[in-house]
Amino acid sequence: MLKVGVLVSGGGTNLQAILDAIDEGRVTNAAVEVVISNNPGAFALKRAGNHKIPAVCVSPKSFESREAFNQALLETVDSYGLDLIVLAGFLVKVPEMMIEKYRNRIINIHPSLIPSFCGVGYYGLKVHEAALKRGVKLTGATVHFVDEGMDSGPILLQKAVEVLPGDTPEILQRRVMEEAEWQLLPQAIDMIANGRVS
Ligand code: GRF
């Protein structure tokens, strides 16, 4: 059984997609052991609680330095003996010591077709604003392994989503979530849990 920790900062719809997929048997051989948020107000923590999954907040505001926060985050992750860390809308830069320790065991979902609209500054609605501004006709989502760069690790899965006339960033964000993100992230976990990743 793959022990999964999910790191979140916000609403947690991707977390919900993972929990639903496990409940419905679309993801097998995996269990979410803990949900960790940097943000005490994240609704994702409530989703974890509703599922009787430990919900832990490690906020940078509770620490005197970034180093102390990074250390506490790593210790929290370590304490659950995780096989896979899933970044599901986690808006904190993952500490390098965590990346080193969990190399090829951290995945992230990004709401564009990498290498478009990714890297520093591209998060949340900004990604979709940039896609609309550039006038692309296709966007999508990407699941990738996390390395020291921003959105630069090896790509595991991608799915394209159409941009339609009249789209606003909010409408496009919702379509990318529904048609791509909520499918890809569970699918990636299922692949890893069942040894279908080379
Ligand atoms: C998603 O768009 C994800 O791709 C991005 O942050 C957003 C998180 O949404 N990294 P949610 O918290 O899962 O609802």
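Scope of this entry: the structure provided in the associated data block. (Residues numbered from 1 in each chain as written. Predicted model: local features only at pLDDT ≥ 70, side-chain atom pairs only at ≥ 80, totals over all residues. Heavy atoms only, no water.)

## Observations regarding the pairing of strand 2 (residues 30-37)
Right, on to step 1. Burial analysis of strand 2 places 6 of its 8 residues in the buried class, which makes it a mostly covered element.
Right, on to step 2. Examined bridge by bridge, strand 1 (residues 2-8) and strand 2 share 7 bridges and lie parallel to one another. Paired with Leu2 across the bridge in strand 2 is Ala30.
Right, on to step 3. Regarding topology, helix 1 (residues 13-23) serves as the crossover connection from strand 1 to the parallel strand 2, and that connection is right-handed.
Right, on to step 4. Both strand 2 and strand 3 (residues 55-57) contribute to a ladder of 3 bridges, which runs parallel. In the strand pairing of strand 3, Val35 is matched with Ala55. (Buried < 20%, exposed > 50% of the residue type's maximum accessible area, 1.4 Å probe, protein only. Helix = DSSP H or I, 4+ residues; strand = E, 2+ residues; numbered from the N terminus. Pairing = 2+ DSSP bridges. Right-handed = clockwise from strand over helix to strand, strands pointing away.)

## Focus on the environment of Gly12
Right, on to step 1. Looking at where Gly12 falls in the secondary structure, it is placed in the loop between strand 1 and helix 1.
Right, on to step 2. Exposure remark for Gly12: the relative accessible area of 10% places this residue in the buried category.
Right, on to step 3. In the structure, Gly12 is positioned 77 residues away from Gly89 in sequence and 7.2 Å away in space, judged by C-alpha atoms.
Right, on to step 4. The residues touching Gly12, leaving out its near neighbours within four places in the chain, are Ala44 and Arg47. (Contact = heavy atoms within 4.5 Å.)

## A few points about the site of the ligand
Right, on to step 1. Within the structure, the ligand sits among Gly11, Gly12, Thr13, Asn14, Gly89, Ile109, Pro111, Met177 and Glu181.
Right, on to step 2. At 2.8 Å, a backbone N or O of Asn14 approaches an oxygen atom of the ligand.
Right, on to step 3. A distance of 2.6 Å separates an oxygen atom of the ligand from a polar atom in the side chain of Glu181.
Right, on to step 4. Against a free-state accessible area of 370 Å², the protein chains account for coverage of 86% of the ligand.
Right, on to step 5. If you list the elements that add at least two residues to the shell around the ligand, you get helix 1 and helix 6 (169-193). (Near = heavy atom within 4 Å. Polar contact = N/O pair within 3.5 Å; in protein donor to acceptor, adjacent residues only side chain to side chain. Areas by Shrake-Rupley, 256 points an atom, 1.4 Å probe, with all protein chains shown as cover.)

## A few points about the packing of helix 1 against helix 6
The relative placement of two packed helices comes down to the angle between their axes together with the axis-to-axis distance.
Right, on to step 1. At a minimum axis separation of 9 Å, helix 1 and helix 6 run at an interaxial angle of 55°. As judged from the angle between their axes, helix 1 and helix 6 are oblique. In this structure, helix 1 crosses over helix 6, and the sense of that crossing is right-handed. Counted together, Thr13, Asn14, Ala17, Ile18 and Ala21 of helix 1 and Met177, Glu181, Trp182, Leu185, Pro186 and Ile189 of helix 6 form the full contact between these two elements.
Right, on to step 2. For the contact of helix 1 with helix 6, the residue count by class is 8 nonpolar, 2 polar and 1 charged. (Axes fitted to C-alpha atoms, helices over the stretch in contact; angles between N-to-C directions. Parallel < 35°, antiparallel > 145°, perpendicular 65-115°, else oblique. Left-handed = near helix turned anticlockwise from the far one by under 90°. Nonpolar A, V, L, I, M, F, W, Y, C, P; charged D, E, K, R; others polar.)

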